[in-house]
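# Coordinates in review
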Amino acid sequence: MSLFLLTSEIAIAFQKVYHTTVDHTDNAQRLQTVQELTAYLESTYLCHCDTNIPIQKVAWLSTRSLLSKFEFFVYQLSLNNEQSQEAVSSAAERTLISACVCLEQSMELQTDDLLRGFRWLFASYNQFHCLMYVLWHLCAQPTGPHVVRVWNIVDLVFNVTENDPTRPDPGPTWKVLQHLREKAAQRRGNVAMSSPTQAHGPSDERVPESRTAEQHSGQELEGTGDGFGDLLAPPLDPSSLTEWINLSENLGMYRFEP
């Protein structure tokens, strides 16, 4: 019952925020809505959850994941080139972090042994939109303070999705995500060859190469040598809201999924 109430609270708030996008409401107000909702759910529901009890941990963690996805959606609206470059860069970084948090929590729901009885349910709700965003960001900006964290969650999502025979078929969208991952690995390899220290995080921690990424990092990806460029991973600006929405909608990704 609590899980239904939590999901309903978030859905109602999301509808309100979604309609404000039509009215061109200030994004600071949308962020305030998310923060107020988070504080309300914390004090009303989440603080009473015992994460040692499976069903209560499901409610606690799935709510966190939905709130992160909500935050990701709102931060995307801050990717507006009409703002200062500093504000846009900050919004892009926050969007990336919120996408990572959403993916991390989604993976915990699917891999935590305590929640194995619910694994079939959460395996059906793939956060492909968040995954696509972080991969696209890695293609555009292969270096940065969060690159290790991003690659770690990307590798985990791919390993779980491709190596667990009990999971449902991810569908044709997965081909696009595989291509973006290969493109990102290629960009990372190019940066590493030109300046080895740039491909690491701030603590010089190396990002582990997955086998798939290694196989493709040095190869030309399909669509790059025919004069038309890479149609699945075009060289777009990660701080441009318009370009991101056009790409995600053209490839069948949606701005907000369960």
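The name given to the protein in an unreviewed UniProt entry is dna, SC003, with the source organism recorded as Aspergillus oryzae.

The number of helices and strands found in the protein is 10 helices and 0 strands. Ordered by position from the N terminus, the helices and strands of the protein form the series α-α-α-α-α-α-α-α-α-α. Considering only intrachain contacts with a sequence separation of at least 6, the fraction spanning at least 24 residues in the protein is 74%. Roughly 13200 Å² of accessible area belongs to the protein as shown, and the carbon and sulfur atoms make up 52% of that amount.

When the terminal C-alpha atoms of helix H1 (residues 2–20) are compared, their 28 Å separation across 19 residues agrees well with the 27 Å that a helix rising 1.5 Å per residue should span. For H1, the set of buried residues is Leu6, Ile10, Ala13, Phe14, Val17 and Thr20. With its buried residues spanning 105° around the axis, H1 presents them on a single face. Exposed side of H1, more than 90 degrees from the buried face: Phe4 and Lys16 are the residues found there. The inward-facing, buried residues of H1 contact helix H2 (27–44) and helix H3 (54–76).

The full count for this structure, using the stated rule, is 6 salt bridges. With its nearest N and O atoms 3.8 Å apart, the salt bridge here joins glutamate 108 to lysine 57. Placement of the pair is glutamate 108 in helix H4 (residues 85–111) and lysine 57 in helix H3, with a sequence separation of 51 residues. Taking the relative accessible area as the measure of exposure, glutamate 108 reaches 32% and is therefore partly exposed. In this structure lysine 57 comes out as buried when scored by relative accessible area, which is 13%. For aspartate 155, the salt bridge goes to arginine 181, with nearest N and O atoms at 2.9 Å. Of the two residues, aspartate 155 is situated in helix H7 (residues 147–163) and arginine 181 in helix H8 (residues 173–194); the sequence distance between them amounts to 26 residues. Residues joined in a network through salt bridges with shared partners are Lys57, Glu108 and Asp112.

It is worth spelling out the packing of H1 against H3 at this point. In the contact formed by H1 and H3, the axes pass within 10 Å of each other and the chain directions differ by 5°. It follows from the interaxial angle that H1 and H3 lie roughly parallel. Contact residues: Leu3, Leu6, Thr7, Ile10, Ala13, Phe14, Val17 and Tyr18 in H1; Val58, Ala59, Ser62, Thr63, Leu66, Leu67, Phe70, Phe73 and Val74 in H3. Residues of the contact of H1 with H3, tallied by class, amount to 14 nonpolar, 3 polar and no charged.

Right, let's talk about the side chain of threonine 161 for a bit. Within the fold, threonine 161 resides in helix H7. The class for threonine 161 is buried, based on a relative accessible area of 10%. Within the structure, threonine 161 has its side chain in polar contact with the backbone oxygen of valine 157 (distance 2.7 Å).

On to the packing of aromatic side chains, then. If you walk through the whole model with that rule in mind, you get 7 aromatic pairs. With centroids separated by 5.7 Å and ring planes inclined at 70°, the aromatic side chains of phenylalanine 14 and phenylalanine 70 adopt a geometry described as edge-to-face. With phenylalanine 14 in helix H1 and phenylalanine 70 in helix H3, this residue pair connects regions lying 56 residues apart in the sequence. Here the two residues phenylalanine 14 and phenylalanine 70 agree in accessibility, since each one is buried. Here the aromatic rings of tyrosine 133 and tryptophan 136 are separated by 6.1 Å at their centres, their planes lie at 80°, and the arrangement is edge-to-face. With a gap of 3 residues between them, tyrosine 133 and tryptophan 136 both fall in helix H6 (residues 128–140), about one helical turn apart. Of the two residues, tyrosine 133 and tryptophan 136, neither departs from the other in class, the shared state being buried. What links up through ring pairs into an aromatic cluster is the set Phe14, Phe70 and Phe73. Between the NZ or CZ atom of arginine 181 and the centre of the ring of phenylalanine 158, over which it lies, the distance is 4.3 Å. Lying across the ring of tryptophan 151, arginine 188 places its NZ or CZ 3.9 Å from the centre.

Before going further, it helps to examine the environment of leucine 5. As for its placement among the helices and strands, leucine 5 is situated in helix H1. As for leucine 5 and leucine 41, which are separated by 36 residues in sequence, their C-alpha atoms are 10.0 Å apart.

Definitions and limits used
Residues numbered from 1 in each chain as written. Predicted model: local features only at pLDDT ≥ 70, side-chain atom pairs only at ≥ 80, totals over all residues. Heavy atoms only, no water. Helix = DSSP H or I, 4+ residues; strand = E, 2+ residues; numbered from the N terminus. Contact = heavy atoms within 4.5 Å. Areas by Shrake-Rupley, 256 points an atom, 1.4 Å probe, with all protein chains shown as cover. Expected span 1.5 Å × (residues − 1). Buried < 20%, exposed > 50% of the residue type's maximum accessible area, 1.4 Å probe, protein only. Arc of directions from axis to C-beta. Salt bridge = Lys/Arg side-chain N within 4 Å of Asp/Glu carboxyl O. Axes fitted to C-alpha atoms, helices over the stretch in contact; angles between N-to-C directions. Parallel < 35°, antiparallel > 145°, perpendicular 65-115°, else oblique. Nonpolar A, V, L, I, M, F, W, Y, C, P; charged D, E, K, R; others polar. Polar contact = N/O pair within 3.5 Å; in protein donor to acceptor, adjacent residues only side chain to side chain. Phe/Tyr/Trp six-rings, centres within 6.5 Å; stacked < 30°, edge-to-face > 60°. Lys NZ or Arg CZ within 6 Å of the ring centre and 35° of its normal.

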